[in-house]
Each structure stands twice: as structure tokens, then as C-alpha cells.
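Reading the structure
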Amino acid sequence: MLPDNRQEEVGEEERKNKMNDSDENVQKEIILTNFAVFPQNIQGTGVRKKIALVAHDNKKQDLIEWALYNRELLVQHDLFATGTTGRILGETLATPVTCLQSGPLGGDLQIGSRITEGEIDLLVFFWDPLSPHPHDPDVKALLRIAVVWNIPVACDRATADYVISSPLMTEPYERQQPDYASYLERLVVGQAELSLSLER
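Quick word on the overall build of the protein
Counting secondary structure elements, the protein contains eight helices and seven strands. Burial status across the protein gives 35% buried among its 200 residues. Surface summary for the protein: the accessible area is close to 12300 Å², and the carbon and sulfur share equals 54%.

Examining the side chain of His56
Among the secondary structure elements, His56 is positioned in the loop between strand E2 (50-55) and helix H2 (60-69). Within the structure, the side chain of His56 is placed 2.9 Å from the backbone nitrogen of Asp128, a separation counted as a polar contact.

So, the pattern of salt bridges
In this structure the tally under the stated criterion is five salt bridges. Here Lys60 ties to Asp57 by a salt bridge, and the two come within 3.4 Å at their closest N and O atoms. Where Asp62 meets Arg157, a salt bridge forms, and the shortest distance between an N and an O atom there is 3.9 Å. Taken together, the residues Asp62 in helix H2 and Arg157 in helix H7 (residues 157-164) connect sequence positions 95 residues apart. Residue class for Asp62 comes out partly exposed when judged on its relative accessible area of 25%. In the salt-bridge network here, residues are joined through shared partners; they are Asp62, Glu65 and Arg157.

Considering the packing of H2 against H7
The interhelical angle for the contact between H2 and H7, taken along N-to-C directions, is 25°, at an axis separation of 11 Å. The orientation of H2 with respect to H7, classified from their angle, is roughly parallel. The two elements H2 and H7 meet at a crossing, and its hand is right-handed. Contacts between H2 and H7 involve Asp62, Glu65 and Trp66 from the first element and Arg157, Ala160, Asp161 and Ile164 from the second. Residues belonging to the contact of H2 with H7 are distributed by class as follows: three nonpolar, no polar and four charged.

As for the confidence of the model for the protein
Of the residues in the protein, 70% reach a pLDDT of 70 or more, and the chain-wide mean stands at 80. Between residues 26-41, whose pLDDT stays under 50, and residues either more than four places distant or in other chains, the model counts 18 contacts.

Quick notes on the sheet that holds E2
Across the sheet, which stays open at both edges, the five strands sit in the order E4-E3-E2-E5-E6 with parallel pairing between neighbours. Edge positions in the sheet fall to strand E4 (97-100) and strand E6 (153-154), since each of these pairs with one other strand and no more. Two elements, E2 and strand E3 (residues 78-82), share four bridges in a ladder whose sense is parallel. Residue pairing across strands places Ala52 opposite Phe80, the latter belonging to E3. Of the strands in this sheet, strand E5 (122-126) and E6 touch H7, which is tilted by about 160° from E5.

Some points on the side chain of Thr85
Here Thr85 shows up in helix H4 (residues 83-93). Beyond its immediate chain neighbours, meaning those up to four positions away, Thr85 contacts Leu53, Ala55, Lys60 and Leu63.

Notes on the environment of Ile111
Among the structural elements, Ile111 can be located in helix H5 (residues 107-116). Spatially, the C-alpha atoms of Ile111 and Gln101 are 9.5 Å apart, while their sequence positions differ by 10 residues. Apart from residues lying up to four places away in sequence, Ile111 is in contact with Ala52, Val54, Thr82, Leu100, Ile120, Leu123 and Leu142.

As for the nonpolar core
In this structure, Ile51, Leu53, Leu63, Trp66, Leu74, Leu89 and Val124 are the most contacted members of the largest nonpolar core, which totals 20 residues. Those elements that place two or more of their residues in this core are E2, H2, E3, H4, E5 and H7. No other element matches H2, which puts four residues into this core. Leaving out residues up to four positions away in the same chain, Ile51 has contacts with Leu74, His77, Asp78, Leu79, Phe80, Leu122, Val124 and Met169.

Parameters at a glance
- Residues numbered from 1 in each chain as written.
- Predicted model: local features only at pLDDT ≥ 70, side-chain atom pairs only at ≥ 80, totals over all residues.
- Heavy atoms only, no water.
- Helix = DSSP H or I, 4+ residues; strand = E, 2+ residues; numbered from the N terminus.
- Buried < 20%, exposed > 50% of the residue type's maximum accessible area, 1.4 Å probe, protein only.
- Areas by Shrake-Rupley, 256 points an atom, 1.4 Å probe, with all protein chains shown as cover.
- Polar contact = N/O pair within 3.5 Å; in protein donor to acceptor, adjacent residues only side chain to side chain.
- Salt bridge = Lys/Arg side-chain N within 4 Å of Asp/Glu carboxyl O.
- Axes fitted to C-alpha atoms, helices over the stretch in contact; angles between N-to-C directions.
- Parallel < 35°, antiparallel > 145°, perpendicular 65-115°, else oblique.
- Left-handed = near helix turned anticlockwise from the far one by under 90°.
- Contact = heavy atoms within 4.5 Å.
- Nonpolar A, V, L, I, M, F, W, Y, C, P; charged D, E, K, R; others polar.
- pLDDT = per-residue confidence, 0-100.
- Pairing = 2+ DSSP bridges.
- Core = buried A, V, L, I, M, F, W, Y, C linked by side-chain atoms within 4.5 Å.

Listed below in C-alpha cells is the structure:
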């Protein structure tokens with residue numbers, strides 16, 4: 001028979017072990033749930049791509065001229081554009097263009113949201129590097145989210161020419177999505193540890 005103080009120590013140690021086991025099980029459950037919600041895969045695109053076209057005011061003429069020059073290629077795809085740019089492109093190209101809000105009113109964010117949801121395959125964004133814009137944070141966020149989800153981005157006519165003339169534009173393409181599972185796991189496990197420490 002163990003002395004009373006030794007029994008208390010053993011009991012406390014067993015309790016801690018059970019709590020640690022419980023913590024690990026909670027963490028594993030959260031991680032497994034996380035993987036189920038955020039599957040990692042390769043995003044397949046068909047022959048018909050979904051192209052977002054965006055231009056700042058001083059670059060709209062450049063985009064219209066570029067689009068007209070490449071009309072035969074562009075009309076083979078689904079086109080999305082922000083505000084005025086979309087309306088002008090629809091009229092000029094005589095083809096349907098899904099028009100979103102104007103950039104300063106949230107159009108850039110709408111395009112970013114579609115990228116995140118896998119609904120955009122290419123971003124052509126003629127942005128003006130010499131003029132300040134009230135929605136500069138949105139512009140930065142859009143360019144960032146395109147890189148996050150491995151979406152090709154053309155920010156000038158030369159790059160847009162290279163991209164639109166690529167053989168990959170006219171054939172199915174499997175775009176590899178970055179694997180953010182470890183990043184998401186780190187966040188979820190960190191939150192679980194915080195909530196468990198608060199409960200104690």
C-alpha cells in the first residue's frame with residue numbers, strides 16, 4: 001500500500017495522462033475534420049477557360065485594344081470583368097461578358113472570391129502602376145489571392161500576349177493547387193490548444 005501523499009501523486013499523474021490523451025484525440029479529430037473540409041487536389045480546366053479581365057481607367061484603352069486583337073481567341077472562353085470594363089468589352093467584342101461590380105465598389109474582391117472558389121482560370125489585370133487608387137488594398141489582395149491559388153496573371157500586354165497564345169489555352173490543363181493542409185492544421189491545432197488551456 002502506497003503512502004497517502006504517494007497515492008495522490010499517482011492519481012494526479014494518471015489524471016494528467018488522461019487529459020493529454022484527450023487533448024491528442026481532440027487535436028486528431030479537428031485535423032481530420034479539417035482535411036475533410038479542405039481537400040487538396042489538382043484543379044482541372046477544360047478547353048473553355050474562365051478568364052477575368054480587369055483594367056484601371058488609364059489602362060482600359062490598352063485592354064480594349066488587346067481584347068479586340070485577340071477576339072477570335074477570347075470568344076472561345078467564358079469572360080468575366082469588372083464594371084465599366086465589362087460593359088465596354090461586351091459591346092466591343094459582341095460576346096457575353098459576366099459583369100461584376102466596379103473595382104472601387106468591390107469588383108476586385110468579387111473576382112478574388114471567384115478565384116478562391118476555383119471559378120477563374122486566368123486573370124488579365126492591366127493595372128496602373130503610376131496612379132494611386134482608393135481601392136489599392138483590394139488590388140493588392142486580388143493579385144495576392146491569384147498567387148495563393150496558382151492562377152496565371154498577366155499585368156501588361158506583352159505578358160497577356162504570351163499567355164493567350166499558349167497552346168495550353170486551347171487544351172485541357174490540370175493546374176496544381178498548392179497544399180495548404182499544414183498551414184490550416186497549424187492554425188486549427190493552435191486554436192484547439194488555446195481553448196483547452198482556457199478551460200483549465
